[in-house]
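Each chain, written out:
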Amino acid sequence: MATAGAAVASASPARADGRDVVRPRALSPGDRVRLIAPAGVPDTRVARGVEILQSFGLVVEAGEHLSDKYGYLAGTDEARLADLNAAFRDPGVRGVFAVRGGYGTQRIIDGLDLAAVRRDPRVFVGFSDLTVLSGRLWTAARLVSFYGPMMNWNDARLGPAEIESLRRAVMTTDPIVLTSDPAEPSAAVSVPGVATGTLLGGNLTMIQAGVGTADLPDLRGAILLFEDVDEAPYSYDRMLTHLVRSGALRGIKGVAIGQFTNAPVTSGQWTAAQAVQDRLGGLGVPVLGGLRVGHGNGQLTVPLGTRATIDTAAGTLTVAAGVRAESAY
């Protein structure tokens, strides 16, 4: 089995060199999928997420504690961890979908049943705070995950194209191609070139928070993907500066940048894009901005852990499929 040689989470995280990558089986109509809330509290919009997954032919079920609330968290740490592990332990569950981000995954991630993850890999979809879980799935089991919308679905920012992007990512073995959107503020960030590597990353706040933990992959040989929301330009500067100073960006092949959602613009000061350009321009690797990945309108779904190529002249990020066909190992 492909999981037999999977790397174990430790203080020395798995390198992004493409070895022993584990792709879960593509979801098919009739598969059971589980909704979980490892972080913030979901609301009534979950019903729309359920409707979308059902439109794919999937059988949707809720984690036992999905409706719990504990302060700003979706239940106690014990309850959220129980739902997380139950989703990865149940052999009938082929996909795990997060319903809400916010905050809280860090509090429970060290209790993740890694043996269950390695024993029976399955699809996981989430973003934002769930960057922590995607990182741990990679460092502990080399498991590809999917950076895509939560099931607390927001029709105001996600339409038919985004629904189809999610479906294709988890139910087909087609490569995924994203094109830089000049309307995105991050499109102003660019360092020319072509680069290929393992696509890893997620939310920049959570990437920085992962420094010194088993959640942050070794990014040598990687294309770093990042995005964020409600952060000022100096915050992007601070987080990227920390990653540079810590050595986390040493050996990366390139950078793919998603959405700078709700980044304030102050007259006479740098924009988020200008701050990021200043921090990344001297790394000596290609940088492509303007990708519709993150908290903004038109959020698309991409695998984390598969090979990707950025081409700044073409304005594209091309990512290998994150799932395998039924018969592929």
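What follows is about the overall build of the chain. Tallying secondary structure elements over the chain gives 9 helices and 14 strands in all. The C-alpha radius of gyration computed for the chain amounts to 18 Å, which stays within 12% of the reference 20 Å derived for 329 residues, consistent with globular compactness. Burial statistics for the chain: of 329 residues in total, 59% are counted as buried. Of all intrachain contacts in the chain linking residues separated by at least 6 positions in sequence, the fraction that spans at least 24 positions is 83%. For the chain, the exposed surface amounts to about 12600 Å²; the carbon and sulfur share of it is 51%. Averaging the locations of the 31 positively and 32 negatively charged side chains of the chain gives two centres separated by 5 Å.

What follows covers the sheet that holds strand β1 (residues 32-36). Read from one edge of the open sheet, 6 strands run β2-β1-β3-β4-β5-β12, paired in mixed fashion. Each having just a single partner strand, β2 (59-62) and β12 (302-304) make up the two edges of the open sheet. Across this sheet, the average inter-strand angle for adjacent strands is 25 degrees, counted without regard to direction. Examined bridge by bridge, β1 and β2 share 4 bridges and lie parallel to one another. From the neighbouring strand, L35 faces β2, where its bridge partner is A62. Along the sheet face, helix α6 (residues 160-171) touches β3 (93-98), β4 (123-126) and β5 (145-147) and points at about 155 degrees away from the line of β4.

Before going further, it helps to spend a moment on the environment of G30. Mapped onto the elements of the fold, G30 is located in the segment before β1. Between the alpha carbons of G30 and L200 there is a distance of 30 Å; along the sequence they are 170 residues apart.

All right, on to the pairing of strand β14 (residues 316-319) then. Sheet analysis places strand β6 (residues 176-179) next to β14, joined by 4 bridges and oriented antiparallel. Within β14, the position partnered with L178 by the bridge is L317. As paired strands, strand β13 (residues 307-311) and β14 are joined by 4 bridges and run antiparallel to one another. Directly across from D311, in β14, lies its bridge partner T316.

Here is what the cut-offs are and how they apply
- Residues numbered from 1 in each chain as written.
- Predicted model: local features only at pLDDT ≥ 70, side-chain atom pairs only at ≥ 80, totals over all residues.
- Heavy atoms only, no water.
- Helix = DSSP H or I, 4+ residues; strand = E, 2+ residues; numbered from the N terminus.
- Rg over C-alpha atoms; globule rule 2.2 N^0.38 Å.
- Buried < 20%, exposed > 50% of the residue type's maximum accessible area, 1.4 Å probe, protein only.
- Contact = heavy atoms within 4.5 Å.
- Areas by Shrake-Rupley, 256 points an atom, 1.4 Å probe, with all protein chains shown as cover.
- Lys, Arg positive; Asp, Glu negative; His and termini not counted.
- Charge placed at Lys NZ, Arg CZ, Asp CG, Glu CD.
- Pairing = 2+ DSSP bridges.
- Axes fitted to C-alpha atoms, helices over the stretch in contact; angles between N-to-C directions.

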